[in-house]
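Fold and geometry: a report
Residues per chain are reported as follows:
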Amino acid sequence: MPTAVAPDNPYLQVADRAQRDFVYCAGELLWIKPKDRPLCKLELNWPQRYIWQRYLQPAWDNREPLALLVLKARREGVSTLIRAWHFHKAVFYRGQQCYLTAHDDDTSQELFRMDRTFYQNLPKRLQPPLVANNRMELEYGQEWAGSSMRVRVAKYLDIGHGKTIQHWHASEVAFYPLDPFTGAPAALPGLLEAVPTTGRSSIVWETTAFQADTWFHTVWLEAERNKNRRIGWGNRRWQTCFLPWFWLPDHQGEWLPEYEPLDKEEIDLQRRFKLSMAQLAWRRGKLAEFEVEYPGQGRRRFFSLYPATSDEPFLLAGTCVFPEQALDEMRKQERPPSLGFNIV
């Protein structure tokens, strides 16, 4: 393990445990700046812990490559988790080149500031020496064998060409600019080639949904159909992970006396997912809030950003002239054709 700590220093024990135990490292050594709170240590929430325990840690322990698609609700902390995972690997292991791409400049810099916050608040005796420190990269000293954290905006064709990257995090990948000739983001092929298909490499694409019949919708459906079969993008075994809005404990509210009784849709949600009245109260309040912010489109906007199922955000994203509830009822009545004919 590369370390800035002398053998007789008490911090060596901390560094050793932090290397072996990501959750300990996150909760004791990594600091974040939430939007609604002051600087605090990173305590993994349930969606973050689920991804770490189900996907990240098993692949690392088994020395297997990971290719993961994450379809999520807003503000579940997925980007924060992957930034912390990359930082942990770059600081405590040799030769871990970590790459971050985002759909616009503001998002890329906001996420990279998180990387800087991790570094700046790490105990001084655990901080690797920096040989590059600018708005696009943090590269550590020679003992770390090129371990680095880099960020780029996914709008350039040459991203990834001529590079070898161990870990790639693509944030809000469904919103990446498209190549007009292929209909897919122009930046992806080069980056897919840069990440090895063997060993402890990882690709995590995480996003909220955009709309149906897009390149990401196609990739998601293919990955769902062909889980763990090496026929996905980049000749990889893609796994899928969906995070519904109700997995986040913060999504609870007060059921007000003036509220109408549960409607048919809410009763169905409560039955299918064992939702509490507090969770349904939050949902009802958020729907009302979105209807004020997006008149006539509030419900559609909510389902795009806070889906309960993996189908919901694709079915209800975008715009439509027909009432969503009527379309939902029609979809439920879909049946395979009873007769088929061949035209010769």
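Conventions we followed
- Residues numbered from 1 in each chain as written.
- Predicted model: local features only at pLDDT ≥ 70, side-chain atom pairs only at ≥ 80, totals over all residues.
- Heavy atoms only, no water.
- Helix = DSSP H or I, 4+ residues; strand = E, 2+ residues; numbered from the N terminus.
- Contact = heavy atoms within 4.5 Å.
- Areas by Shrake-Rupley, 256 points an atom, 1.4 Å probe, with all protein chains shown as cover.
- Pairing = 2+ DSSP bridges.
- Axes fitted to C-alpha atoms, helices over the stretch in contact; angles between N-to-C directions.
- Core = buried A, V, L, I, M, F, W, Y, C linked by side-chain atoms within 4.5 Å.
- Buried < 20%, exposed > 50% of the residue type's maximum accessible area, 1.4 Å probe, protein only.
- Salt bridge = Lys/Arg side-chain N within 4 Å of Asp/Glu carboxyl O.
- Phe/Tyr/Trp six-rings, centres within 6.5 Å; stacked < 30°, edge-to-face > 60°.
- Lys NZ or Arg CZ within 6 Å of the ring centre and 35° of its normal.

Some thoughts on the overall build of the chain
- In terms of regular secondary structure, the chain is built from 12 helices and 10 strands.
- For the chain, long-range pairs separated by at least 24 residues make up 68% of all intrachain contacts whose partners lie at least 6 apart in sequence.
- Carbon and sulfur atoms provide 51% of the accessible area of the chain, an area that totals close to 17900 Å².

What about the sheet that holds strand 4 (residues 97-102)?
- Taken in spatial order, the 8 strands of this open sheet run 5-6-7-4-8-9-3-10, and their pairing is mixed. A single partner strand is all that each edge strand has here, and the edge strands are strand 5 (130-134) and strand 10 (238-243). Going from strand to strand, the sheet's axes swing by 15 degrees on average, the running direction of each strand aside.
- Packing against the sheet, helix 4 (residues 78-92) makes contact with strand 3 (66-72), strand 4, strand 6 (137-140), strand 7 (148-153), strand 8 (167-171), strand 9 (202-207) and strand 10, and its axis sits at approximately 160 degrees to strand 8.

Side note on the nonpolar core
- Core analysis: the biggest nonpolar cluster contains 49 residues, and Leu30, Ile51, Phe87 and Tyr140 have the highest contact counts within it.
- Broken down by element, the residue count for this core peaks at 9 residues, all from helix 4.
- Core analysis: the next-biggest nonpolar cluster, separate from the first, contains 30 residues, Ile165, Ala174, Ala194 and Phe216 among them.

Points about the pattern of salt bridges
- Tallied over the full model, the rule gives 14 salt bridges.
- Put simply, Glu265 and Arg299 hold a salt bridge, and the shortest N to O gap is 2.7 Å. Linking Glu265 in helix 8 (residues 264-273) with Arg299 in helix 10 (residues 298-305), this pair joins segments that are 34 residues apart in sequence.
- Taking the relative accessible area as the measure of exposure, Glu265 reaches 23% and is therefore partly exposed.
- Exposure remark for Arg299: the relative accessible area of 14% places this residue in the buried category.
- Salt bridges sharing partners connect three or more residues here, namely Lys72, Glu172 and Glu206.

Brief notes about the pairing of strand 5
- Here strand 5 runs beside strand 6; their pairing, made up of 4 bridges, is antiparallel. Each residue of the ladder has a partner; that of Asn133, found in strand 6, is Leu138.

Examining the environment of Arg116
- Topologically, Arg116 is positioned in helix 5 (residues 105-121).
- For Arg116 and Glu137, which are 21 residues apart along the polypeptide, the C-alpha to C-alpha distance reads 9.6 Å.
- Ignoring anything within four residues of it in the chain, the contact list for Arg116 reads Asn133, Asn134, Arg135, Glu137 and Leu138.

Concerning the packing of aromatic side chains
- As enumerated under the stated definition, the model contains 26 aromatic pairs in all.
- Arranged with centres 5.6 Å apart and planes meeting at 80 degrees, the rings of Phe302 and Phe303 form a pair that is edge-to-face.
- Residue classification places Phe302 among the buried positions, given a relative accessible area of 1%.
- Chaining the aromatic ring pairs together yields one cluster made of Trp245, Phe246, Phe273, Trp282, Phe290, Tyr294, Phe302, Phe303 and Tyr306.
- The positively charged end of Lys89 is found above the aromatic ring belonging to Trp60, 4.8 Å away from the centroid.
- Geometry around Tyr259 places Arg284 over its ring, the cationic atom sitting 5.3 Å from the centre.

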